[in-house]
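The lines below spell out each chain.
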Amino acid sequence: RVCRAAYATAPSLNPVIEQDIHHFSKILPSTSVVSTLSPVASPASDLDQFNNDWMGKYKGQATTVVKPKSTHEVSQIVRHCWERRIGVVPQGGNTGLVGGSIPLKDELVLSLANMNKVRSFDPISGVLVADAGCILQSLTDYIAPHNHIMPLDLGAKGSCQIGGNVSTNAGGLRLLRYGSLHGTVLGLEVVLPDGTILDQLTTLRKDNTGYDLKQLFIGSEGTLGVITGVSILTPPAPQASNNVILALPKFDNVLPLYKLVKQQLSEILSAFEFIDRTAYELAVKHGQGRALSDEDVRGAACFVLVETSGGRREHDEEKLNHLLETLLEAEKPLINTGVLSQSPAQFSSLWALREGVTEAISKEGKAYKYDISVPLSSFQDVVDGTREHLRSKGLLNDSAVKHVIGYGHVGDGNLHLNVVAESYSPEIQAALEPYVYEVVASHRGSVSAEHGIGSMKTHALHYSKDEVSIALMKKIKEIFDPRGIMNPGKVLP
Ligand code: FAD
Ligand code: 2HG
Ligand code: ZN
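Counting starts from 1 at the beginning of each chain's written sequence and moves along it residue by residue. Chain letters start at A and ligand numbers start at 1, both assigned in the order the entries are written. Residues qualify for local features only when their pLDDT is at least 70, as the model is predicted, and side-chain atom pairs are given and counted only at 80 or more; totals for whole chains, interfaces and linings, by contrast, use all residues.

If you look the protein up in an unreviewed UniProt entry, it shows as FAD-binding domain-containing protein from Pluteus cervinus.

*Asks:* Go over the overall build of the protein with me, naming the residues and quoting the values.
*Replies:* Where helices and strands are cited, they refer to DSSP runs of H or I of at least four residues and of E of at least two residues respectively, numbered from the N terminus. In terms of helices and strands, the protein carries 18 helices and 16 strands. Our radius of gyration is a C-alpha quantity, and the globule rule it is checked against amounts to 2.2 Å times the number of residues to the power 0.38. Compactness check: the protein gives a C-alpha radius of gyration of 23 Å against a globular reference of 23 Å for 493 residues, within 12% of the reference. Counting only C-alpha atoms and orienting by the principal axes, one finds that the protein spans roughly 75 × 60 × 45 Å. With C-beta atoms placed from the backbone, a residue is labelled by how many other C-beta atoms lie within 10 Å of its own: buried for 20 or more, exposed for 12 or fewer, partly exposed between the two. Within the protein, buried positions represent 49% of all 493 residues.

*Asks:* A description of the site of ligand 2 should follow, citing residues and the corresponding values.
*Replies:* To decide nearness, the C-beta atom of each residue is placed from the backbone, and the residue is near a molecule or strand if that atom lies within 6 Å of it. Taken together, Leu97, Gly155, Val357, Thr358, Lys369, Asp371, Gly408, His416 and Asn418 make up all the residues around ligand 2. Of all the elements in the fold, those that place two or more residues in the shell around ligand 2 are helix H14 (357-364), strand S14 (366-373) and strand S16 (414-421). Amino acid classes used here: Ala, Val, Leu, Ile, Met, Phe, Trp, Tyr, Cys and Pro are nonpolar; Asp, Glu, Lys and Arg are charged; the rest, including Gly, are polar. For the shell around ligand 2, the residue count by class is two nonpolar, five polar and two charged.

*Asks:* Go over the site of ligand 1 with me, naming the residues and quoting the values.
*Replies:* In the vicinity of ligand 1, 38 residues are found, and the nearest of them are Gly92, Gly96, Gly100, Gly163 and Gly164. Elements with a minimum of two residues in the shell around ligand 1: strand S3 (88-91), helix H5 (162-168), strand S9 (226-233) and H14. No other element matches the five residues that H5 contributes to the shell around ligand 1. Looking at the shell around ligand 1 residue by residue, the classes come out as 12 nonpolar, 22 polar and four charged.

*Asks:* Tell me about the domain arrangement of the protein, and please be specific about residues and values.
*Replies:* What the domain assignment lists for the protein is domain 1 (118-233), domain 2 (240-357) and domain 3 (365-451). On a C-alpha basis, the centroid separation for the pair domain 1 and domain 3 is 31 Å. Contacts are defined on C-beta atoms placed from the backbone: any two residues whose C-beta positions lie within 7 Å are in contact. At the junction of the two partners, domain 1 supplies five residues and domain 3 supplies seven residues. Taken together, the residues that form the side of domain 1 that touches domain 3 break down as three nonpolar, two polar and no charged. Residue ranges for the domains trace back to a domain assignment, done automatically or taken from a database.

*Asks:* Kindly report on the sheet that holds strand S13 (residues 337-340), identifying the contributing residues and their values.
*Replies:* A strand pair is defined by DSSP finding two or more bridges across the two strands. Taken in spatial order, the seven strands line up as S13-S10-S12-S11-S15-S16-S14 in an open sheet, and their pairing is antiparallel. Lying at the two open borders of the sheet, with one neighbouring strand each, are S13 and S14. Strand-to-strand twist of the sheet, defined as the mean angle between neighbouring strand axes without regard to direction, takes the value 15°. The pairing of strand S10 (residues 240-248) with S13 spans four bridges and is antiparallel. The partner of Ala247 across the bridge, within S13, is Thr337. Only the stretch in contact is used when fitting a helix axis, every axis being a line fitted to C-alpha atoms; angles between N-to-C directions are given from 0 to 180 degrees. Relative to strand S11 (residues 269-276), helix H10 (residues 277-285) is tilted by about 90°, and along the sheet it contacts S11, strand S12 (302-310) and strand S15 (401-409).

*Asks:* Tell me what's going on with the environment of Gly100, and back it up with residues and numbers.
*Replies:* As for its position among the elements, Gly100 is in the loop between S3 and strand S4 (108-111). Each C-alpha atom of the pair Gly100 and Ile453 lies 7.4 Å from the other, and the pair is 353 residues apart in sequence. Ignoring sequence-local partners within four residues, the contact set of Gly100 consists of Glu221, Gly222, Gly452, Gly454, Ser455 and Lys490.

*Asks:* Got a sec to walk through the packing of helix H1 (residues 18-27) against helix H3 (residues 71-84)? Specific residues and values, please.
*Replies:* In the contact formed by H1 and H3, the axes pass within 10 Å of each other and the chain directions differ by 160°. Between H1 and H3, the angle is such that the two are roughly antiparallel. Handedness of the crossing formed by H1 with H3: right-handed. Here H1 contributes Asp20, His23, Phe24 and Ile27 to the contact with H3, which in turn contributes Glu73, Gln76, Ile77, His80 and Arg84. Of the residues that constitute the contact of H1 with H3, the class distribution is three nonpolar, three polar and three charged. Any angle that falls under 35 degrees is termed roughly parallel, while one over 145 is termed roughly antiparallel, one within 65 to 115 roughly perpendicular, and all others oblique. If you view the pair so one helix is near and one far, a crossing is left-handed when the near helix is turned anticlockwise from the far one by less than a right angle, and right-handed when it is turned clockwise.

*Asks:* Can you explain the pairing of S16? Please cite residues and give values.
*Replies:* Burial analysis of S16 places eight of its eight residues in the buried class, the great majority of the element. Of the two faces of S16, both are covered, the one formed by Asn414, His416, Asn418 and Val420 as well as the one formed by Leu415, Leu417, Val419 and Ala421. Sheet analysis places S14 next to S16, joined by eight bridges and oriented antiparallel. Along S16, the bridge assignment pairs Lys366 with Ala421. Alignment of S15 against S16, held across eight bridges, turns out to be antiparallel. Looking at S16, one finds that His403 is bridged to Val420. Following S15, the chain reverses through four residues before pairing antiparallel with S16; Gly413 in that reversal takes a positive phi of roughly 65°.

*Asks:* Can you break down the packing of H10 against H14 residue by residue, with the values?
*Replies:* For the pair H10 and H14, interaxial distance at closest approach is 8 Å and the crossing angle is 75°. One element, H10, and the other, H14, form an angle in the roughly perpendicular class. The residues of H14 that touch H10, namely those facing Ala279, Leu282, Ala283 and Lys285, are Val357, Ala360, Ile361 and Glu364. The residue inventory of the contact of H10 with H14, partitioned by class, reads six nonpolar, no polar and two charged.

What follows is the structure in structure tokens.
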């Protein structure tokens with residue numbers, strides 16, 4: 001039932017033993033060391049939340065979790081692991097979807113949960129400096145009174161941490177407007193695999209003093225070091241935000257719709273998100289947002305959520321209303337209907353229909369997740385092709401695959417292909433891979449648009465990266481972590 005990559009801790013890595021617990025207990029208070037080993041001897045169930053991922057797909061065998069409170073404590077722990085050659089898995093909110101935060105074997109889990117303080121916020125520049133373990137939603141709440149927002153937003157915001165976001169280079173729902181973390185992260189503090197502290201926690205917008213080392217840690221999924229502090233540029237909160245859900249009779253209309261919406265809304269367009277009909281129905285079935293009326297969904301093959309964020313409400317509303325008029329009055333309308341939010345509650349409810357799809361899917365069954373970049377024009381073909389492929393293998397039925405779903409960030413060319421099954425099974429896995437990755441490679445797409453490689457896709461990296469690139473990545477890993485202790489078995493094949 002549990003998927004585990006074909007990996008064993010490198011022979012040179014050692015398991016945590018009782019002497020290590022004694023050592024950790026000298027660095028940290030006893031409440032910050034959770035271990036089944038003496039002298040701590042916690043019940044194994046205390047480690048369950050750290051050994052199991054959000055999807056219930058990956059299972060680790062860690063005996064010990066440490067929860068340092070400061071960069072100095074992280075440094076002391078990592079230095080000890082370096083000397084003793086113990087594998088270290090940094091863990092943030094454990095919401096990752098590719099098995100990156102779960103030990104493959106019995107590595108030490110280093111949880112950032114206790115590193116949760118804001119270090120500074122400058123309301124003039126909007127630069128926020130925070131411990132890596134701060135939860136994304138708590139940072140949003142912290143800067144809200146200053147009328148700033150975080151440059152990223154995602155469905156897991158209540159649990160994921162800023163350090164986890166940076167380590168996965170999370171994209172999410174605001175990337176269209178504010179760009180990726182490679183642009184908004186201004187500085188990082190990182191504990192390197194030998195315990196050295198790399199202090200690049202600057203707040204400068206401009207700094208061309210040689211190689212931009214911090215970029216290497218953004219999206220490196222804990223394989224090069226432990227991020228302990230993040231400096232990030234937060235934009236001013238928009239004065240006005242609106243959203244509308246558009247129901248489309250066929251997927252083919254999404255592209256021309258995107259073109260038109262961009263033309264008409266221009267600078268106030270802040271999101272253009274897509275869900276197919278099945279994704280919508282699952283969201284509604286599992287209580288994510290309020291259902292649209294029967295009339296609004298009649299004949300809809302898919303839906304697009306458009307958000308605007310701008311400086312003046314009347315101006316934005318006028319633009320949005322004009323867009324809707326153009327769309328509905330066209331000779332050959334691209335949409336069937338549009339539902340415009342009329343209140344903050346409705347605004348959130350429309351967003352929940354899109355944002356809640358992942359949660360809904362987790363309630364419906366076990367998901368195989370493919371987070372891919374492919375040309376927009378092929379989104380529907382990829383989803384339909386996968387469904388037909390599974391049908392041809394006799395796997396599309398209630399006791400195997402229940403749904404094949406497409407949704408995602410149209411504006412970023414990022415499709416979330418989710419295959420929802422009754423349970424994880426080797427037959428479904430074998431039918432999906434390498435099939436899906438070959439389809440992606442045929443489009444010169446990416447096998448991981450925003451979730452990362454983790455342990456799920458190490459074997460698939462070569463579908464999107466050539467040999468030269470992979471060899472260079474391995475050299476970089478070797479420079480930072482010649483003993484291979486940081487998140488072993490993740491990212492690189
Ligand atoms: P974890 O899951 O704990 O860790 C993820 C990886 O980062 C692991 O490899 C881990 O070792 C490493 N890591 C964590 N913290 C550190 C650190 N301080 N230093 C070094 N390495 C570290 N992702 C998107 O990109 N866009 C979305 O829209 C999106 N929506 C989601 C919605 C839901 C409901 C869920 C469950 C997940 C979603 N995700 C999304 C995936 C996930 O939330 C993000 O990848 C998130 O950024 C992970 O943060 P985390 O703190 O939970 O990290
Ligand atoms: C989203 O965009 C997330 O909702 C999660 O990236 C996607 O669960 C998924 O496949
Ligand atoms: Zn996404």
